[in-house]
Amino acid sequence: MSDLVTGADGVARCAWAGTDPEYQRYHDQEWGTTLRGDRPLFEKMSLEGFQAGLAWITILRKRPRFREVFHDFEPATVAAFGADDVERLLQDAGIIRHRGKIEAVIGNARLVAGMAEGEFDALMWSFAPAAHTPPATFAQVPAVTPESTAMSTELRRRGFRFVGPTTMYALMQSSGMVDDHVAGCWRAAA
């Protein structure tokens, strides 16, 4: 796989963005852009957990429905979900119907809702590396780092689920804690 792909618009992007317009939009406008706040990071953590074992484009295409049924991932609202909500969500073909992942999002929401405002954001960003060298090639992009492992370990210690080190590194990439746009991508070091 080449490290870059040039779209019909003549723009060089990380190859994973491919030619799908939604993937390109996500690459150009969201991935690697600094994301702050308890609710946005809770949403990102939830969607990354749903993505485990699936292609991210699947999550992007289902994201509007996820946002609808999880009330824009407002932690206090999701924290109030009960067994009836789990059953309702398991019947919704617009999302990933995985009981463990749905229950993890609800349980994780309870943990975030129990924190002081800004505490979850501060916790997540406390694991961002002090220095990060953007990769020249995809071969240099890790799946796991000491920081993502430490983040995963601390979140699990606190009771969070579906927060493995690979999933947490994906969150670090997508939320701008690290910049993994490869050399030659228009977003690299932007």
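See the structure printed just above.
This text gives an overview of the structure that appears in the document. If you're wondering where the values come from, they're calculated on a predicted model, not measured in any experiment.

1. Brief notes about the packing of helix H2 (residues 38-51) against helix H9 (residues 165-174)
Then step 1. For the pair H2 and H9, the least separation of the axes is 9 Å and the interaxial angle reads 135 degrees. Considering their axes alone, H2 and H9 lie oblique with respect to each other. With respect to the hand of their crossing, H2 and H9 are arranged in right-handed fashion. Of the residues in H9, those touching H2 at Leu41, Lys44, Met45, Glu48 and Gly49 are Thr167, Met168, Ala170, Leu171 and Ser174.

2. Quick word on empty space enclosed by the protein
Then step 1. A complete count under the given rule lists 1 cavity of 30 Å³ or more for this structure.
Then step 2. Volume-wise, the largest cavity comes out at about 60 Å³.
Then step 3. Forming the boundary of the largest cavity are Phe42, Met45, Ser46, Gly49, Phe50, Lys101, Ala104, Val105, Asn108, Arg161 and Phe162.
Then step 4. Listed by contribution, the elements that provide at least two residues to the lining of the largest cavity are H2 and helix H6 (99-113).
Then step 5. In terms of residue count, the dominant contributor to the lining of the largest cavity is H2 (5 residues).
Then step 6. Residues of the lining of the largest cavity, tallied by class, amount to 6 nonpolar, 3 polar and 2 charged.

3. Looking at helix H3 (residues 56-69)
Then step 1. End to end, H3 covers 19 Å across 14 residues, agreeing with the expected 20 Å (1.5 Å per residue, within 8%).
Then step 2. A maximum bend of about 55 degrees is found in H3 at Lys62, where proline Pro64 lies one to four positions downstream.
Then step 3. Within H3, burial applies to Trp56, Ile57, Ile59, Leu60, Arg63, Phe66 and Val69.
Then step 4. Looking at the buried side of H3, the elements it contacts are helix H1 (21-29), H2 and helix H5 (83-90).
Then step 5. Positive backbone phi, at 50 degrees, marks His71, one or two positions downstream of H3.

4. Overview of the environment of Ser175
Then step 1. You can see Ser175 is positioned in the segment after H9.
Then step 2. Sequence separation of Ser175 and Pro40 is 135 residues, and the distance between their C-alpha atoms is 9.3 Å.
Then step 3. When near neighbours in sequence (up to four residues on either side) are disregarded, Ser175 contacts Thr33, Thr34, Leu35, Leu41 and Trp125.

5. Points about the layout of surface pockets
Then step 1. If you add up the space inside the largest pocket, you get close to 400 Å³.
Then step 2. Around the largest pocket sit 19 residues that line it, and Trp31, Glu48, Trp56, Ala170 and Gln173 are the ones nearest its centre.
Then step 3. Taken together, the elements giving at least two residues each to the lining of the largest pocket come down to H1, H2 and H9.
Then step 4. Here the element with the most residues in the lining of the largest pocket is H9; it accounts for 6 residues.

6. Quick look at the nonpolar core
Then step 1. Membership of the largest hydrophobic core comes to 45 residues, with the highest contact counts inside it found for Met45, Phe66, Phe70, Phe120, Met124 and Leu155.
Then step 2. Here Leu155 is in contact with Met45, Phe120, Leu123, Met124, Phe160, Val163 and Met168, once residues within four sequence places are set aside.

7. A word on unusual backbone geometry
Where the residue is not glycine, phi is negative for most of them; where a peptide bond is considered, it is trans in most cases.
Then step 1. The phi dihedral of His71 is positive, around 50 degrees, even though this residue is not glycine.
Then step 2. Topologically, His71 is positioned in the loop between H3 and helix H4 (75-79).
Then step 3. Residue His71 is classed as partly exposed on the basis of its relative accessible area, which comes to 42%.
Then step 4. Phi is positive for Phe162, which is not a glycine, with a value near 60 degrees.
Then step 5. Relative to the helices and strands, Phe162 resides in the loop between helix H8 (146-157) and H9.
Then step 6. Residue classification places Phe162 among the partly exposed residues on the basis of a relative accessible area of 32%.

The rules behind the values
- Residues numbered from 1 in each chain as written.
- Predicted model: local features only at pLDDT ≥ 70, side-chain atom pairs only at ≥ 80, totals over all residues.
- Heavy atoms only, no water.
- Axes fitted to C-alpha atoms, helices over the stretch in contact; angles between N-to-C directions.
- Helix = DSSP H or I, 4+ residues; strand = E, 2+ residues; numbered from the N terminus.
- Parallel < 35°, antiparallel > 145°, perpendicular 65-115°, else oblique.
- Left-handed = near helix turned anticlockwise from the far one by under 90°.
- Contact = heavy atoms within 4.5 Å.
- 1 Å grid on protein atoms, 1.4 Å probe; cavity = no way out; pocket = protein on both sides within 12 Å on 5 of 7 lines; lining within 4 Å.
- Points joined across faces, edges and corners; volume = space filled by probe spheres on them.
- Nonpolar A, V, L, I, M, F, W, Y, C, P; charged D, E, K, R; others polar.
- Expected span 1.5 Å × (residues − 1).
- Bend = angle between axes of the 7 residues up to and from the residue.
- Buried < 20%, exposed > 50% of the residue type's maximum accessible area, 1.4 Å probe, protein only.
- Core = buried A, V, L, I, M, F, W, Y, C linked by side-chain atoms within 4.5 Å.

Geometry only, nothing functional implied.
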